[in-house]
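# Survey of secondary and tertiary structure
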Amino acid sequence: MLLSVAACCIALLGPVAMVGCSAYAGVALEERRLPMKFSWVACKPNCRGWISAVGIVTAETPSDFDAFARDHQVKGETVVLDSSGGSVNDAIALGRRFRALQMFTTVGVSVLTPSAGGERAHVSPEAYCESMCVFLLLSGKSRYVPEQAHVRVHQIWMGDRTDNARAASYSAYDLMTIERDIGRLAKYTFDMGGVGDLLSLSLNVPPWEELHELSREELRVTNLITTDKVAQLGSPNAAVVELTPKSLQGPFVSTAAASAGQE
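Now for a description of the structure that goes with this document. (Residues numbered from 1 in each chain as written. Predicted model: local features only at pLDDT ≥ 70, side-chain atom pairs only at ≥ 80, totals over all residues. Heavy atoms only, no water.)

### Considerations on the packing of aromatic side chains
The test is simple: Any two rings among Phe, Tyr and Trp, with Trp reduced to its six-membered ring, count as a pair given centres within 6.5 Å; such a pair is stacked if its planes are under 30 degrees apart, edge-to-face if over 60, and tilted if neither. To qualify as a helix, a DSSP run of H or I must reach at least 4 residues; to qualify as a strand, a run of E must reach at least 2; elements of each kind are numbered from the N terminus. Residue exposure (1.4 Å probe, protein chains only): buried if accessible area is under 20% of the type maximum, exposed if over 50%, otherwise partly exposed.
Applying the stated criterion across every chain, the model contains six aromatic pairs. Judged by centre distance (5.9 Å) and plane angle (85°), the rings of Trp 157 and Trp 208 are edge-to-face. Here Trp 157, found in strand E14 (residues 157–158), pairs with Trp 208, found in the loop between helix H6 (196–203) and strand E15 (212–213); they are 51 residues apart in sequence, far enough to count as distant. The exposure class assigned to Trp 208 is partly exposed, which follows from its relative accessible area of 39%. Feature note: the residues Phe 38, Phe 65, Phe 68 and Phe 98 constitute an aromatic cluster, connected by ring pairs.

### Considerations on the sheet that holds strand E13 (residues 150–153)
The condition is simple: Between any two strands, pairing holds if DSSP finds at least two bridges.
Reading across the sheet, the three strands line up as E11-E13-E15 and stay open at both edges, with mixed pairing between neighbours. The open sheet has two free edges, formed respectively by strand E11 (128–130) and E15, since each of these has just one partner strand. Two strands pair when backbone bridges link them, and E11 and E13 are joined in this way by three bridges, in the parallel orientation. Note on E13: the bridge partner recorded for Cys 129 is Val 151.

### A word on the pairing of strand E6 (residues 78–82)
Where we set the bar: Note on handedness: a crossover is taken as right-handed if, strands pointing away from the viewer, the path from the first strand over the helix to the second is clockwise.
Burial analysis of E6 places five of its five residues in the buried class, which makes it a mostly covered element. Covered by surrounding structure in E6 are Thr 78, Val 80 and Asp 82 together with Val 79 and Leu 81, the residues of both alternating faces. In terms of handedness, the path from strand E5 (residues 50–54) via helix H2 (residues 61–71) over to E6 forms a crossover that is right-handed. As paired strands, E6 and strand E8 (residues 104–107) are joined by four bridges and run parallel to one another. The residue bridging Leu 81 from the neighbouring strand is Val 107, located in E8.

### Topic: the environment of Lys 141
Looking at where Lys 141 falls in the secondary structure, it is placed in the loop between helix H4 (132–138) and strand E12 (143–144). Between the C-alpha atom of Lys 141 and that of Phe 104, which follows or precedes it by 37 residues, the distance is 5.4 Å.

### So, the state of the cysteines
This is how the line gets drawn: Defined by distance alone, a disulfide is two cysteine sulfur atoms within 2.5 Å.
Tallied over the full model, the rule gives one disulfide. The disulfide that involves Cys 129 links it to Cys 133, with 2.1 Å between the sulfurs. Looking along the S-S bond of the Cys 129-Cys 133 disulfide, the torsion reads about -110°, which is the left-handed sense. By relative accessible area, Cys 129 is classed as buried at 0%. For Cys 133, a relative accessible area of 0% puts it in the buried group.

What follows is the structure in structure tokens.
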């Protein structure tokens, strides 16, 4: 069922979902209202490309990613996330695909700007990763969150009742469904190298309250950050985070916090 959440985000949910809402204007907001879209961003001539993943997770998203992966070499590449959340079980399925492919994850918006040699690609850190997007972020073999990015969490809920959650009625079957999916989410969280703090922070925020934005300390405690910085090209710019040159093996600069054993 398609529904509106806080008149700001639209999600295809079923039956339980996490969906967030942000004051995010312009084209980026319009794209984040739509089902998740995957695109390859070429970064030429002296840096790696990456995968842009923008929008909400729907029942079709895992198969859409599979189709994208058949046409691109995605193993070990970076996924740049900008998403309001979506379906719990489909996000879990997508996150397991990311981990199986040993992908890296970060939060950002892919931007193309004109230059003398053609379009130049970079990643703007002014982006949102909310609700189930946070658990997609967790699926990365290594994970980076720029300081300007917004990572926000709240409870999972019945998708067709998030707009009036307190006044809605619930059956025993509904409660069973929610508890079942919380169990699935908990197992996934630990499988991905997350900790109970992430579940606790998420499950303490009901859908009628504002999403909780994770602090830098909370991002580290929950293992959502495993590396402190991304190698940058050229002159540093506070509004731009670029991915690694091709000469480096991976897209992230490793730190002691990185979990080398997570596959």
